[in-house]
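Chain and residue survey
Chain residues, written in single-letter form:
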Amino acid sequence: MTVRVRFAPSPTGYLHIGAARSALFNWLFARQMGGKFLLRIEDTDLQRSTDESTRSILEGLEWLELNHDEELVFQSANAPKHRAAAERLVAEGKAYRDFTPKEQRDDKNVKQGIADRARSQAAEGLDQRSNPYRDLPREEAERRAAAGEPFAVRLKVAGEGRTRFEDIVYGTQERSYAEIEDLVLLRSDGHPLYNLSVVIDDIEMGITHVIRGQDHLTNTHKQILIYEALGARIPQFAHLPLILAPNKSKLSKRKHGEVVSLTTYRDRGFIPDAFVNFLVLLGWSPDTTQYAAGLVGNDQEVQPNLDPNNEIYSREELKHLFSLDRIHKSNAVFNFTENDPRHWTDDKALWMNAEYIRTMPLVELLPMVKAELRANKLWREEYEEDDRDWFEKAVELIRHRFFTLKDFSAQGRAYFSDDFDFDDTAVARNLKKEPRLKEWLPALATRLETVEPFDAAAVEAALREYADELGVKAGLFINASRTMLTGQAVGPSMFEVFEIMGKDRSVERLRSGVPWFDSASV
RNA sequence: GGCGCAUUGGUGUAGUUGGUUAACACGCUGCCCUCUCAAGGCAGAGAUCACGGGUUCGAGUCCCGUAUGCGCUACCA
């Protein structure tokens, strides 16, 4: 049977990176098995669901290139089917109408309320099957319902027995019926509840493997009960460990802000493949020994990375290497430091991104740089045509010390525009420390004007010659030039920079007195 | 309260059926390279494998208990 998996987020906020990882694992599994990856928006909770969230989820998946097969499903559209299924179960005597008035729950203290209720129930020795409406004669139930009395529909869970399933990640899971209450299928206002909806939809969509967060592990027992009542085939389950905050609490938007939102990474200049690479390693690791032994993938056109000292895996490699049984059970901590711009997200993610920026094929990087420059009004069409060569060389030159795509428009700005800022510390350290540079630099400019061809080697010779004549270290000029030409204290080898900037711009910037009169000094 | 799941250096992980100095990646420190900063190269610090028992000639690996964390327990998803 073909594998069919789904990612089923509820649109009650941005796309959480933990959810994004679930989507990734589903996608990887589907692509590896030649199966289908489906997408379903679980907008059952109409109060909290928003179109904006749906859009953000779609955008996030698109950014990660986790394209789905078949039509997008909105769970709310299936509500009639969910209701019909519940009614069928009532008709078959597998579920019943509960006329108990709805309890008002304070949204804030739900957990506390649950614990309190459980405690008092335990004290009174109440069992889960004590609902007075459970065995109400059918006629009476029909009559009261027809009279318009509100009721919820509950599943009639058997008194004796246990549910059992093999979780691909967590192994055998068992639970006694005695621990499961008669769960509500339909609210008294007629709305289907989560556990019912997922099951019906998963059946409807022909899902063979349910891969989702570990927070659903114990709910799975309830869902199995519904599958059984419906007489449907039960899919395979694989639950994923959770991604936690540095203090091991749940990662949440309210507490942790934008670090948990996937679109943040797009907006802050991450490379999709780099983020995928980082994410996949949270809770999963490849079995490189199997590959080395030639047990897997020997007939593949892709030669996966076998080096255990290297964690860079391309999407193609991951499609071959991924396996559900290498997912592990313990939760992973997503490491970041709040209020520290240098460590705003996990260091490894940042490193991974930098690694991709400096090593990925240039042709794949160029369109991303283009988009970044364009967004900052730094893009010029000539880069695509006449100056294509120059553009490629410039990107190649500067990419090696960048961490995100943003750096191309920030630190890299001076390469693409004459309107750039001077870094204060760079000006102080490389220029103002030696006041005579104010005269020397224009003089250097004059020297360079005669250099032909204006390449790295020739510029270097001219600059060193001038430094020798003045009896100062070449480094003085090199660093000063770097600041004059790029506004920065750091950057690529300076002679390469001269060459890329070209004679005209180099000379002009060396002569410009701008940084000398800038704000910091006056 | 009940039930479930987990626990290897700061973080992510490796560690096949128990067997010599617990491996790798990120981060950190130092050195080399050098015009700066990275990258790269080299070296290094950092783990009594949550704790306590037990089985065994021998346990990170098996068993029991404890602790801690997380999850579920809802007419939320």
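Report follows, based on the coordinates. Quantities reported herein were computed from a predicted structural model and do not represent experimental measurements.

1. Observations regarding the overall build of chain A
Assigned secondary structure in chain A consists of 23 helices and twelve strands. C-alpha extents for chain A along the principal axes are approximately 110 × 60 × 40 Å. Residues counted as buried form 49% of the 522 residues belonging to chain A. In the structure as shown, chain A presents an accessible area of about 26,000 Å², 49% of it carried by carbon and sulfur atoms. Placing the 70 positive and 85 negative side-chain charges of chain A at their respective mean positions leaves the two points 5 Å apart.

2. Re helix 20 (residues 456–470)
In this model, helix 20 (15 residues) spans 21 Å end to end at C-alpha, consistent with the 21 Å of a helix rising 1.5 Å per residue. All of the buried residues along helix 20 are Ala456, Val459, Ala462, Leu463, Tyr466 and Ala467. With its buried residues spanning 135 degrees around the axis, helix 20 presents them on a single face. Set apart from the buried face of helix 20 by more than 90 degrees, the exposed residues are Ala457 and Asp468. Packing partners of the buried residues in helix 20 comprise helix 19 (437–449), helix 21 (474–486) and helix 22 (494–511). Gly471 sits one or two residues past helix 20 and shows a positive phi near 75 degrees.

3. What to know about the protein's contact with RNA strand B
Around RNA strand B lies a shell of 67 residues, among which Glu181, Gly283, Arg401, Ile478 and Ser493 are the nearest. If you look at RNA strand B and keep only atoms within 4 Å of the protein, 68% of those are sugar or phosphate atoms. Take Ser10: an N or O atom from its side chain is 2.9 Å from a sugar or linking oxygen of RNA strand B. A distance of 3.5 Å separates a phosphate oxygen of RNA strand B from a polar side-chain atom of Arg154. Of all the elements, helix 4 (residues 110–124) adds the most residues to the surface near RNA strand B, at seven residues.

4. As for the packing of helix 14 (residues 362–375) against helix 15 (residues 388–398)
Helix 15 packs onto helix 14 with a crossing angle of 95 degrees between their chain directions and a minimal axis gap of 11 Å. Looking at the two axes, helix 14 sits roughly perpendicular to helix 15. Along the contact surface, helix 14 presents Leu362, Leu365, Leu366, Val369 and Leu373, while helix 15 presents Arg388, Phe391, Glu392, Val395 and Glu396. The residue makeup of the contact of helix 14 with helix 15, split by class, is seven nonpolar, no polar and three charged.

5. What to know about the sheet that holds strand 4 (residues 95–98)
Ordered in space as 4-5-8, the three strands form an open sheet in which the pairing is antiparallel. Taken across any chain shown, the strands that pair with only one partner, and hence form the sheet edges, are strand 4 and strand 8 (184–186). Neighbouring strand axes in the sheet, compared pairwise and without regard to direction, differ in orientation by 40 degrees on average. Here strand 5 (residues 152–155) pairs with strand 8 via two bridges, running antiparallel. Pairing of Arg154 across the sheet is with Val184, part of strand 8.

6. Brief notes about the packing of aromatic side chains
Here the distance between the centres and the angle between the planes together describe a pair of aromatic rings. Summed over all chains, the structure comprises 26 aromatic pairs. Residues Phe270 and Phe275 carry aromatic rings whose centres are separated by 5.7 Å and whose planes lie at 85 degrees to one another, so their mutual orientation is edge-to-face. Phe275 shares its class with Phe270; the two are buried. Site record: aromatic cluster; members linked through ring pairs are Trp63, Tyr265, Phe270, Phe275, Phe278, Phe334, Phe336 and Trp344. Above the ring of Phe99, the side-chain terminus of Arg144 is found at 4.8 Å from the ring centroid.

7. Section: the pairing of strand 1 (residues 4–7)
Side chains of strand 1 alternate between two faces, with Arg4 and Arg6 and Val5 and Phe7 buried alike. When strand 1 meets strand 2 (residues 36–41), the two strands line up parallel, connected through four bridges. Opposite Val5, over in strand 2, you have Phe37 as the bridge partner. Handedness of the crossover is the feature at issue here: the chain leaves strand 1, passes through helix 1 (residues 17–33), returns alongside strand 2, and the resulting connection is right-handed.

8. Concerning the pairing of strand 10 (residues 236–240)
Looking along a regular strand, one sees the side chains alternate between the two faces of the sheet. Counted residue by residue, strand 10 has four buried out of five residues, so it is predominantly covered. Two elements, strand 9 (residues 209–213) and strand 10, share five bridges in a ladder whose sense is parallel. Across the sheet, Arg212 pairs through a bridge with His239, a residue of strand 10. In this view, the connection linking strand 9 to its parallel neighbour strand 10 by way of helix 7 (residues 219–230) has right-handed handedness.

9. Quick word on the packing of helix 15 against helix 22
Contact geometry of helix 15 with helix 22 gives a least axis separation of 9 Å together with a crossing angle of 140 degrees. By the criterion of interaxial angle, the relationship of helix 15 to helix 22 is oblique. Viewed along their axes, helix 15 and helix 22 form a crossing whose handedness is left-handed. Note on element contacts: helix 22 touches helix 15 through Glu496, Val497, Ile500 and Arg505, opposite Trp390, Lys393, Ala394 and Leu397. When its residues are assigned to classes, the contact of helix 15 with helix 22 shows five nonpolar, no polar and three charged.

10. Looking at unusual backbone geometry
Of note, the bond from Glu452 into Pro453 is cis; its omega dihedral lies within 30 degrees of zero at -10 degrees. A positive phi angle, near 65 degrees, is found at Lys248, a position not held by glycine. If you trace the backbone, Lys248 turns up in the loop between strand 11 (243–244) and helix 8 (253–256). For Lys248, a relative accessible area of 60% gives the class exposed.

11. Notes on the side chain of Asn277
Mapping Asn277 onto the fold places it in helix 10 (residues 272–280). Owing to a relative accessible area of 0%, Asn277 belongs among the buried residues under this scheme. Polar contacts involving the side chain of Asn277 include one to the main-chain carbonyl oxygen of Glu311, which spans 3.1 Å. A polar side-chain atom of Asn277 sits 2.7 Å from a polar atom in the side chain of Tyr356.

12. Re the pattern of salt bridges
Evaluation of the coordinates by the stated rule reveals 43 salt bridges. Linking Arg40 and Asp201 is a salt bridge whose minimum nitrogen-to-oxygen distance equals 3.7 Å. Here Asp201 lies in helix 6 (residues 194–204) and Arg40 lies in strand 2, a separation of 161 residues in the sequence. As far as burial versus exposure is concerned, Arg40 and Asp201 are alike and both buried. Arg164 is the salt-bridge partner of Glu174, the closest N and O atoms lying 3.7 Å from each other. Taken as a pair, Glu174 in strand 7 (residues 171–176) and Arg164 in strand 6 (residues 162–167) lie far apart in primary sequence, ten residues in all. Salt bridges sharing partners connect three or more residues here, namely Arg6, Arg40, Glu42, Asp201 and Asp202.

The rules behind the values
- All residue numbers refer to positions counted from 1 along the written sequence of the respective chain.
- Chain labels run from A onward and ligand labels from 1 onward, assigned in the order the entries are written.
- Given that the model is predicted, a residue must reach a pLDDT of at least 70 before its local features are reported, and side-chain atom pairs must reach 80 or more before they are shown or counted; all residues, however, enter totals for whole chains, interfaces and linings.
- Where side-chain values are given, they derive from all heavy atoms of the structure, hydrogens and water being excluded.
- Strands here are runs of E lasting at least two residues and helices are runs of H or I lasting at least four, both read from the DSSP assignment and numbered beginning at the N terminus.
- Between buried and exposed lies partly exposed: a residue is buried under 20% and exposed over 50% of the maximum accessible area for its type, with that area taken using a 1.4 Å probe on protein chains only.
- Here the accessible surface of atoms and residues is derived via Shrake-Rupley with a 1.4 Å probe, and residues count as covered only by protein chains that are part of the display.
- For this count, His and the chain ends are skipped, Lys and Arg are scored as positive, and Asp and Glu as negative.
- Charged groups are reduced to one reference atom each: NZ for lysine, CZ for arginine, CG for aspartic acid, CD for glutamic acid.
- What a helix should span is 1.5 Å times the count of its residues minus one.
- As used here, the arc belongs to the directions running from the helix axis to the C-beta atoms.
- The contact criterion used is simple: two residues touch if any of their non-hydrogen atoms lie within 4.5 Å.
- Near residues are defined by distance, with any heavy atom within 4 Å of the molecule or strand qualifying the residue.
- As used in this structure description, the phrase polar contact means that two N or O atoms lie within 3.5 Å; if the pair is within protein, one of them must be able to donate a hydrogen and the other to accept it, and residues adjacent in sequence are counted only when both atoms belong to side chains.
- All axes are obtained by fitting lines to C-alpha atoms, using only the stretch in contact for helices, and the reported angles, taken between N-to-C directions, cover 0 to 180 degrees.
- We call two directions roughly parallel when the angle between them is under 35 degrees, roughly antiparallel when it is over 145, roughly perpendicular when it lies between 65 and 115, and oblique otherwise.
- Under the convention adopted here, Pro, Cys and the residues Ala, Val, Leu, Ile, Met, Phe, Trp and Tyr are nonpolar, Asp, Glu, Lys and Arg are charged, and Gly plus all remaining residues are polar.
- Any two strands with at least two DSSP bridges between them are considered paired.
- Each Phe, Tyr or Trp ring, with Trp reduced to its six-membered ring, pairs with another whose centre is within 6.5 Å; inter-plane angles below 30 degrees give stacked pairs, above 60 give edge-to-face pairs, and intermediate values give tilted ones.
- In this analysis the charged atom, NZ for Lys or CZ for Arg, is taken to sit over a ring once it is within 6 Å of the ring centre and within 35 degrees of the ring normal.
- With strands facing away from the observer, any crossover in which the path from the first strand over the helix to the second runs clockwise is taken as right-handed.
- In this scheme the crossing of two helices becomes right-handed for a clockwise turn of the near helix relative to the far one and left-handed for an anticlockwise turn of less than a right angle.
- Here, a salt bridge means any Lys or Arg side-chain nitrogen found within 4 Å of an Asp or Glu carboxyl oxygen.

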